[in-house]
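Remarks on the overall topology
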Amino acid sequence: MWHDFHAQLDELAEKAQQRKLYEADSDGCFVWLDGKKLFNLASNNYLGLANDERLIEASIRAARTYGAGATASRLIVGNFSLYTEAEAALAEWKGSEAALIVNSGYTANVGILSAIAGRDTVIFSDKWNHASIVDGAILSRAEVKRYRHNDIDHLEALLQKTDKQKRKIIVTDTVFSMDGDIAPLAELVRLKETYGALLVVDEAHASGVYGEKGEGLVHHLNIAEQVDIHMGTFSKALGAFGAYVAGKKVLIDYLINHMRSFIFTTALPPAALGAICAAVAVVQEAHDRRRQLHELSVYFRTRLQALGFDTGPSITQIVPVIVGENDRAVQFSRRLQERGIAAVAIRPPTVPEGTARIRFSLMATMTKEQLDWALVEIAEVGKEMKVIS
Ligand code: PMP
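Every value quoted in this text rests on a predicted model; they were computed, and no experiment measured them.

**Here we look at the overall build of the protein chain**
Tallying secondary structure elements over the protein chain gives 14 helices and 14 strands in all. Here the C-alpha radius of gyration of the protein chain, 21 Å, is about what a compact globule of 389 residues would show, namely 21 Å. Here the protein chain holds 389 residues, and 50% of them are scored as buried. Sequence separation of 24 or more characterises 70% of the internal contacts of the protein chain that already satisfy a separation of 6 or more.

**A look at the UniProt feature "transmembrane region" (unreviewed entry) in the protein chain**
Mapped onto the present numbering, the UniProt feature "transmembrane region" (unreviewed entry) falls at residues 262-283. Split by type, residues 262-283 is 73% helix and 0% strand. Its first and last C-alpha atoms lie 25 Å apart.

**Comments concerning the pairing of strand β6 (residues 143-147)**
As defined by bridge partners, strand β5 (residues 121-126) adjoins β6 across 5 bridges and the pair is classed as parallel. Paired with D126 across the bridge in β6 is Y147.

**A look at the site of the ligand**
If you check the shell around the ligand, you find 14 residues, and the closest are S104, G105, H130, A204 and T233. For the shell around the ligand, the class distribution of residues is 3 nonpolar, 9 polar and 2 charged.

**Some details on the UniProt feature "modified residue: N6-(pyridoxal phosphate)lysine" (unreviewed entry) in the protein chain**
As recorded in UniProt, the sites labelled "modified residue: N6-(pyridoxal phosphate)lysine" (unreviewed entry) are K236. Aside from chain neighbours lying at most four places away, what touches K236 is N44, Y46, A204 and H205.

**Comments concerning helix α4 (residues 105-116)**
With 12 residues, α4 ought to run about 16 Å at 1.5 Å a step, and its terminal C-alpha atoms sit 16 Å apart, in line with that. Burial analysis of α4 places 11 of its 12 residues in the buried class, which makes it a mostly covered element.

**Some words on the environment of Q226**
Its place among the elements puts Q226 in the loop between α8 (217-220) and β9 (229-233). Sequence separation between Q226 and R190 is 36 residues; the distance between their C-alpha atoms is 9.3 Å.

**Notes on the domain arrangement of the protein chain**
Domain boundaries in the protein chain define domain 1 (18-47 + 287-385) and domain 2 (53-285). For domain 1 versus domain 2, the separation of C-alpha centres amounts to 27 Å. Counting residues per element, the ones that place at least two in the side of domain 1 that touches domain 2 are α12 (287-307) and β11 (318-324). When grouped by side-chain class, the residues that make up the side of domain 1 that touches domain 2 number 10 nonpolar, 8 polar and 2 charged.

**Remarks on helix α2 (residues 53-66)**
With 14 residues, α2 ought to run about 20 Å at 1.5 Å a step, and its terminal C-alpha atoms sit 20 Å apart, in line with that. Considered for burial, the residues of α2 that qualify are L55, A58, S59 and A62. One face of α2 carries all of its buried residues, which in axial projection span an arc of 105 degrees. Turned more than 90 degrees away from the buried face of α2, the exposed residues are E53 and R64. If you follow the buried residues of α2, they end up packed against α3 (81-94) and α11 (270-284). Of the residues flanking the end of α2, it is G67, one or two places downstream, whose phi is positive at about 105 degrees.

**Thoughts on the environment of K161**
Tracing the sequence through the fold places K161 in the loop between α6 (152-160) and β7 (167-173). Separated by 156 residues in the primary sequence, K161 and Q317 place their C-alpha atoms 37 Å from one another.

**Points about the sheet that holds strand β4 (residues 98-102)**
Ordered in space as β4-β10-β9-β8-β7-β5-β6, the 7 strands form an open sheet in which the pairing is mixed. In the strand order of this sheet, the two ends are held by β4 and β6, each with one partner. Mean inter-strand twist for the sheet, computed between neighbouring axes without regard to direction, equals 20 degrees. Here strand β8 (residues 198-202) pairs with β9 via 3 bridges, running parallel. Within the sheet, the bridge partner assigned to V200 lies in β9 and is I229. Sitting on the sheet, helix α9 (residues 249-258) is in contact with β4, β9 and β10 (243-247), with an inclination near 30 degrees to β4.

**Structural notes on the packing of helix α13 (residues 326-338) against helix α14 (residues 368-384)**
Taken N-terminus to C-terminus, the directions of α13 and α14 make an angle of 135 degrees; their axes are 10 Å apart at the nearest point. Regarding the angle of α13 to α14, the classification is oblique. α14 is crossed by α13, and the crossing has right-handed handedness. Touching F332, R335 and L336 of α13 are E377, I378, V381 and E384, all from α14. Looking at side-chain class alone, the contact of α13 with α14 contains 4 nonpolar, no polar and 3 charged residues.

**Focus: the environment of V200**
With respect to the element layout, V200 can be found in strand β8. According to the C-beta neighbour criterion, V200 is buried, with 27 such atoms within 10 Å. Taking the C-alpha atoms as reference, V200 lies 6.8 Å from V227; in sequence the two are 27 residues apart. The residues contacting V200, other than those within four sequence positions of it, are I112, I169, V171, D228, I229 and M231.

Rules behind the numbers
- Residues numbered from 1 in each chain as written.
- Predicted model: local features only at pLDDT ≥ 70, side-chain atom pairs only at ≥ 80, totals over all residues.
- Helix = DSSP H or I, 4+ residues; strand = E, 2+ residues; numbered from the N terminus.
- Rg over C-alpha atoms; globule rule 2.2 N^0.38 Å.
- Buried ≥ 20, exposed ≤ 12 C-beta atoms within 10 Å, placed from the backbone.
- Contact = placed C-beta atoms within 7 Å.
- UniProt positions renumbered as here; feature names shortened; annotations may be inferred.
- Pairing = 2+ DSSP bridges.
- Near = placed C-beta within 6 Å.
- Nonpolar A, V, L, I, M, F, W, Y, C, P; charged D, E, K, R; others polar.
- Expected span 1.5 Å × (residues − 1).
- Domains from an automatic or database assignment.
- Arc of directions from axis to C-beta.
- Axes fitted to C-alpha atoms, helices over the stretch in contact; angles between N-to-C directions.
- Parallel < 35°, antiparallel > 145°, perpendicular 65-115°, else oblique.
- Left-handed = near helix turned anticlockwise from the far one by under 90°.

Set out below in C-alpha cells:
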C-alpha cells in the first residue's frame, strides 16, 4: 500500500516539486537553516514584531497567569478574560461592531466559508486566492465559480449569469501572497453592491502593513465599511499567532454558533493570546516600521527590475523573481542559500506552470545596506543562471 505513496513522492521529486522541511531558528532578519546562518528574505514577520520584547513579555505573563494550554474549546472553559479584552481592542482597531479571535488564518477561512455558505450559495473566488479559501469553499458545498485573477469583467459576467435568488459571496485576498499584487477592491465593492453579494476579504498579508494604524488594505483605501467580512492573521506582520474575523455583531454571533473550526477545537494557548493582545496595541503605533517596510520594498523591487529581473505585478513587500521552470527556481534558491540568503522557490501548483519563482519578502527591521549586499548576491546568481544578462 505504501508503494503508491512512494511513487507519488518520486513523481514530485522528478518535477522538482517535492517539499522538504528545514530546521529553522530565527532571530528576525537572520535564520538558521540546517545549521547555516542566512539572511532571511523568506519570512512573513514583515514588521519584525515576532521578536519584539513587548510581545514576548506579554506572552510570558499570559502563560504564567493562565497556564501553558487552554485545555478546552472557547465554548467550554477555554475562554479566558484576556479574550474579552483582546476582542474589544481588535474591534476598535478594525472599526467594526464586533470581532472574533480564532486559531489560525487557515481555520478562519475554512470556518467562515463553510459557516456562511451552503448548497444554496454561489461563491465567487479569485483564481489565486489562498488555499484555505479554496478548501473552505469546497467544504461549504456551495457552487464555486473561480474568476480569473483580478479580472473584474470575468467576475461580473459570472455574477450576471447567476440566479438572483441564490446567496452570493465574493471572496478575495487583498494582498496576494505569490505575486505581491493587490485585489481591485473598490471595483469588488461596486460589484458586491450591484449584485447583492457579501464581500469577504483576507487581509493576511496586509494586516499591520497597510492603513494608518495597520488595519489593512481596505482601510487604507477607505472602503472598510462596505466590506462585510474582514479576516486577517496575527501570524505575519503582527508577529504572533492566530487570526481574526471582524464585522457586524450578528456575523460574529452567527460564527460563534456555526463555525465548526471555532467550535470543535481547543482555544489558543494563553501565551499566543498574550502576544496577540500586545500586538494589537503595538501595531497601531508602528508607523515608522510601516514606512520603513514600504520604502525598503520600493527600493528592493526597483533595484531588481533595474538588474533585469521579472518581478511580475508586485507592488507590496512581497517581491517575486520569476524564473520559469521548476528546477531553475529550486537551483536559484539553493545557490542563494550557499551565498547566505534564505529565499524560497515557489512552484506549481501554488503558481501557474512555467512561472516558478523565488519569493522574496521584506522586513521593516532590515537595512538598505543589508539589501544592497543581498542584491549583489542575487544578481550574481541571476547571471550564473542566465536569468539576467
Ligand atoms: N490567508 C492567506 C492569504 C495566507 O497567505 C495565509 C498563510 N500563508 C493564510 C490565510 C493562513 O494563515 P495562518 O498562517 O495564520 O494559518
